[in-house]
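A closer look at the structure
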Amino acid sequence: MSKTILNPTISDIEIGDNNSATITVKPIASGYGQTLGNSLRRVLLSSIEGSAITAFRIDGVGHEFMAITGVKEDVVEIMLNIKAISLKCFSDKPVEVSLVKKGGVVTAGDIKATADIEIVNPDQLIATIDDPGVELKIDFVIENGRGYQSIEESSARRVHSDMIALDAVFSPVRRVRYSVEKTRVGDNVDLDQLVMIIDTDGSITPVDALEQAAAILVEQYSALAGNALAKIEKTAAPKSEEDNDLLSLPIEELNMSARTTNALIGNEIKTVGELVNLSDEELSNLKGFGAKAQEEVKERVAELEF
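**Concerning helix 2 (residues 75-83)**
Listed as buried for helix 2 are Val75, Ile78, Met79, Asn81 and Ile82. Summarising the axial view, the buried residues of helix 2 lie within an arc of 160°, below the 170-degree limit, and thus occupy one face. Those residues of helix 2 that are buried are in contact with strand 3 (50-58), strand 8 (125-129), strand 9 (135-145) and strand 11 (164-165). Backbone nitrogen of Val76 and a side-chain oxygen of the N-cap are separated by 3.2 Å at the start of helix 2; the cap is Asp74.

Here it is, written out as structure tokens:
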């Protein structure tokens, strides 16, 4: 059995319809297929940044339970249609856009896009104006975010108090499925193969979404590894110049009993630094070092706050 943990690679990408892709990752060390698949799926669904409409206002409409004269859909239906609009926002701040339409079918493509906004699904239905003399005007607020934003959060963040707040799903990833299969490389048959099917709303490609998810995980794990190393280095390093001086002191300066001091010197433990670096097991294994001597050393080291 190899002691090396293989690094996986993307071996195949099959682009499907409706912003879907099947991505195969192999070879993967045995057991790591589920680890990678589950972690990537969770990050893909929760942490990829996207854009959504968080509030809207229809001229002449005070709340979402009103009917609009000359319009087939009521406000609740229009609200659901608005939530289905996919778009890209290139600004870090909320962006306001609007549409004005007189008669006919109103779609996302009727929104007056700016340099900060790109409508991904312009054919998405918003409303149907039955009366050709009726003009519909709607204002929208678009924001970037990650994951899910409740209607309460959207309401608290509203740019205009007279707007109707929407709960928002910012994630551009709609669905993620994965399976883990067995594969081989040469004579090694104990390897995994991860097959992921990723569906997005079109504002990002499945491959870009996967790369972003992997980058997020790398940052998270690197932060943990870096913190652990920093903790170890901090523990091992002297706290100050004063501590450094203390670590270099001869054992005799600790004013322990002559028997304990002589036992330490006999075991080539001659400075405070050499003493505090001993584990309990190493201390107990010292030649001629009994339980009383161990207890004396521990008490003295505790007094020194090492």
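Let's pick the thread back up.
**Examining the nonpolar core**
Residues Phe56, Ile126 and Phe140 are the most contacted members of the largest nonpolar core, which totals 31 residues. Of all elements in the fold, only strand 3, helix 2, strand 4 (87-89), strand 5 (95-102), strand 7 (117-119), strand 8 and strand 9 reach the threshold of two or more residues within this core. Excluding residues within four positions of it along the chain, Ile126 makes contact with Ile78, Asn81, Ile82, Ile85, Leu99, Val106, Thr107, Ala108, Ile138 and Phe140. Core analysis: the second largest hydrophobic core is formed by 18 residues, Ile28, Leu40, Ile48 and Leu194 among them.

**Here we look at the side chain of Ser51**
Its place among the elements puts Ser51 in strand 3. At a separation of 2.4 Å, a polar atom in the side chain of Ser51 contacts the side chain of Asn144.

**Structural notes on helix 9 (residues 291-303)**
In an α-helix, one turn spans 3.6 residues, which is why side chains three or four residues apart end up on the same side. Its 13 residues give helix 9 an end-to-end C-alpha distance of 19 Å, which sits within 8% of 18 Å, the value for a rise of 1.5 Å per residue. Here helix 9 has its buried residues at Ala293, Gln294, Val297 and Val301. End-on, the buried residues of helix 9 take up no more than an arc of 100°, which puts them together on one face. Opposite the buried face of helix 9, by more than 90 degrees, sit the exposed residues Ala291, Lys292, Ala302 and Glu303.

**Notes on a nonpolar patch on the surface**
On the surface, Ile10, Ile13 and Ile15 cluster together to form a nonpolar patch covering roughly 270 Å² of accessible area. Tracing the backbone shows Ile10 in strand 1 (residues 9-15). When its relative accessible area of 40% is taken as the criterion, Ile10 is described as partly exposed.

**As for empty space enclosed by the protein**
Enumeration over the complete set of coordinates arrives at 1 cavity of 30 Å³ or more. Volume-wise, the largest cavity comes out at about 30 Å³. Every residue lining the largest cavity is listed: Thr54, Ala55, Val141, Glu143, Ser154, Arg157, Arg158, Val159 and Met163. Taken together, the residues of the lining of the largest cavity break down into 4 nonpolar, 2 polar and 3 charged.

**Examining unusual backbone geometry**
Going from Lys26 to Pro27, the amide bond is cis rather than trans, its omega being -10°. By the element assignment, Pro27 lies in strand 2 (residues 20-29). The residue Asn18 is not glycine, and still its phi comes out positive at about 55°. Examined against the element boundaries, Asn18 turns out to sit in the loop between strand 1 and strand 2. In this structure, Asn19 takes a positive phi of about 60° despite not being glycine. Checked against the element boundaries, Asn19 lands in the loop between strand 1 and strand 2. Take Asn19: its relative accessible area is 39%, and that puts it in the partly exposed class.

How each quantity is defined
- Here the residue numbers are simple positions, counted from 1 along each chain's written sequence.
- Only residues with pLDDT of at least 70 are given local features in this predicted model, and only at 80 or more are side-chain atom pairs given and counted; all residues enter the totals for whole chains, interfaces and linings.
- The basis for every side-chain value is the complete set of heavy atoms in the structure, and neither hydrogens nor water enter the calculation.
- Exposure categories follow from relative accessible area, calculated using a 1.4 Å probe and restricted to protein chains: below 20% of the type maximum is buried, above 50% is exposed, and the middle band is partly exposed.
- Put simply, DSSP marks the helices as runs of H or I at least four residues long and the strands as runs of E at least two long, and each gets a number from the N terminus on.
- The arc in question is formed by the directions pointing from the helix axis toward the C-beta atoms.
- Any two residues having at least one pair of non-hydrogen atoms within 4.5 Å are treated as being in contact.
- Pairs of N or O atoms are called polar contacts if they sit within 3.5 Å, as long as, within protein, a hydrogen donor faces a hydrogen acceptor (for residues adjacent in sequence, only side-chain-to-side-chain pairs).
- As used here, the term nonpolar core means buried Ala, Val, Leu, Ile, Met, Phe, Trp, Tyr and Cys residues forming a set that is joined through side-chain atoms within 4.5 Å.
- Between the first and last residue of a helix there are one fewer steps than residues, each counted as 1.5 Å, and that sum is the expected span.
- Two distance rules govern patches: like charges are joined within 9 Å, and nonpolar side chains (Val, Leu, Ile, Met, Phe, Trp, Tyr) within 5 Å, applied only to residues with over 30% relative accessible area and no salt bridge.
- Surface accessibility in these figures is a Shrake-Rupley result with a 1.4 Å probe; residues are shielded only by whichever protein chains are displayed.
- Every case where a carboxyl oxygen of Asp or Glu lies within 4 Å of a side-chain nitrogen of Lys or Arg is listed as a salt bridge.
- The rule is simple: put a 1 Å grid over the protein atoms alone, call a set of points where a 1.4 Å probe fits but cannot get out a cavity, call an open set with protein on both sides within 12 Å along at least five of seven lines a pocket, and count a residue as lining if it has an atom within 4 Å of a point.
- Grid points are joined across faces, edges and corners, and a volume is the space filled by probe spheres set on the points.
- Asp, Glu, Lys and Arg are counted as charged, while Ala, Val, Leu, Ile, Met, Phe, Trp, Tyr, Cys and Pro are counted as nonpolar; the rest, among them Gly, fall into the polar class.

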